Amino acid sequence: MLQKLGLKEYEAKSLVALSRLPKATAKEISETSEVPRTRVYDAIRVLESKGLVEIQHSNPQQFRAVSIAEAGETLRQKYESRTETLVEALEDIEPAQSTTDEEVTHEVWSLTGGTAIRNRTAQLIDAAGEEIILIIGRGEVITDDLVENLQTAQETGIRVLIGTSDETLRERIQDEIPNARVFVSGLEWLNSSPVQESDDTVISRLLLIDQNTILVSSAQETSTGAIDTEKAVFGRGFDNGIVVIARRLMATGLAPIDDPEASEY
């Protein structure tokens with residue numbers, strides 16, 4: 001984990017060793033971490049420069065790690081700073097000249113990973129202008145951030161419909177978003193295939209924005225019932241094939257009063 005945050009192997013091992021000891025010499029760090037003693041000094045210098053280790057200039061030198069809370073905050077700030085710098089650099093890049101001024105609406109894109117899918121879901125909800133229909137197949141989809149996004153959308157006058165796979169989940173969401181219209185979708189195929197029993201793929205969410213933008217995410221269930229890697233596809237355009245299919249499939253689970261088209265005509 002520390003290596004994923006930018007530390008090299010010996011630096012990470014030395015920091016872990018120091019975290020177990022009130023203070024230590026290079027020899028003691030080497031014995032605890034199995035980092036060659038000659039490399040401990042290099043690792044400690046890097047850790048000190050990052051604000052993760054303190055040095056006592058005695059003979060021999062003593063080293064100690066800062067508190068876990070302080071180390072965590074230091075790493076968080078460095079990570080956020082690098083992220084902000086990256087975003088600024090990317091924003092400064094001149095976009096390639098588009099071959100057309102019209103938005104392409106018949107393309108379908110894919111995403112992998114829960115974080116990326118949650119971020120895209122939030123982005124689509126924020127961009128909604130009139131209506132949000134969200135069908136939820138798994139309780140894990142409901143996060144504090146998603147609830148906040150939906151509440152914010154509703155407060156701006158956007159119509160929010162939320163379908164669930166069962167009554168228990170419906171009650172939970174209704175409690176968390178009391179002013180939303182929440183219903184049991186009746187879409188049994190969200191959690192299992194009606195024709196292939198061995199298919200353990202679950203539809204975790206179906207999101208339809210303003211009748212013209214769709215996001216569908218799915219995942220494989222593990223033997224314990226947990227979600228494995230989540231994947232999603234999304235597209236936009238009222239006559240985009242995937243949008244049309246998803247819109248009609250979702251409509252089969254809506255009662256007439258909840259049907260976004262039936263309620264307006």
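Structure: above.
These numbers come from a predicted model, not from an experiment.

Procedures and definitions
- Residues numbered from 1 in each chain as written.
- Predicted model: local features only at pLDDT ≥ 70, side-chain atom pairs only at ≥ 80, totals over all residues.
- Heavy atoms only, no water.
- Helix = DSSP H or I, 4+ residues; strand = E, 2+ residues; numbered from the N terminus.
- Buried < 20%, exposed > 50% of the residue type's maximum accessible area, 1.4 Å probe, protein only.
- Contact = heavy atoms within 4.5 Å.
- Areas by Shrake-Rupley, 256 points an atom, 1.4 Å probe, with all protein chains shown as cover.
- Axes fitted to C-alpha atoms, helices over the stretch in contact; angles between N-to-C directions.
- Parallel < 35°, antiparallel > 145°, perpendicular 65-115°, else oblique.
- Nonpolar A, V, L, I, M, F, W, Y, C, P; charged D, E, K, R; others polar.
- Salt bridge = Lys/Arg side-chain N within 4 Å of Asp/Glu carboxyl O.
- Right-handed = clockwise from strand over helix to strand, strands pointing away.

1. Looking at the overall build of the chain
Along the backbone of the chain there are 8 helices and 9 strands. Counting all 265 residues of the chain, 38% fall into the buried class. By sequence separation, contacts in the chain at least 24 residues apart represent 56% of the contacts at least 6 residues apart. With an accessible surface of roughly 16100 Å², the chain has 49% of that area assigned to carbon and sulfur atoms.

2. Let's talk about the side chain of Gln62
Looking at the secondary structure, you find Gln62 in strand β2 (residues 62-65). Classification of Gln62 by relative accessible area gives buried; the value is 17%.

3. With respect to the packing of helix α5 (residues 114-126) against helix α6 (residues 144-155)
Look at α5 against α6: their axes get within 10 Å of each other, and the N-to-C directions meet at 5°. When the axis of α5 is compared with that of α6, the two are roughly parallel. Between α5, through Thr121, Ala122, Ile125 and Asp126, and α6, the contact on the second element is made entirely by Leu146, Asn149, Leu150 and Ala153. The residue inventory of the contact of α5 with α6, partitioned by class, reads 5 nonpolar, 2 polar and 1 charged.

4. Brief notes about unusual backbone geometry
That bond from Asn59 to Pro60 is cis: its omega, 0°, falls within 30 degrees of zero. In this fold, Pro60 is placed in the loop between β1 (53-56) and β2. At Glu34, a residue that is not glycine, the phi angle is positive and equals roughly 65°. On the secondary structure map, Glu34 appears in the loop between α2 (26-33) and α3 (37-49).

5. Focus: the pattern of salt bridges
Per the counting criterion, the structure on display carries 8 salt bridges. A salt bridge links Arg45 to Asp42; the shortest N-O distance between them is 2.4 Å. In this pair, Arg45 and Asp42 both sit in helix α3, 3 residues apart, roughly one turn of the helix.

6. Examining the pairing of strand β4 (residues 131-136)
By the criterion of burial, β4 is predominantly enclosed, with 6 of the 6 residues buried. Of the two faces of β4, the one holding Glu131, Ile133 and Ile135 and the one holding Ile132, Leu134 and Ile136 are both buried throughout. Regarding the hand of the β-α-β motif, the stretch spanning β4, α6 and strand β5 (residues 159-164) is right-handed.

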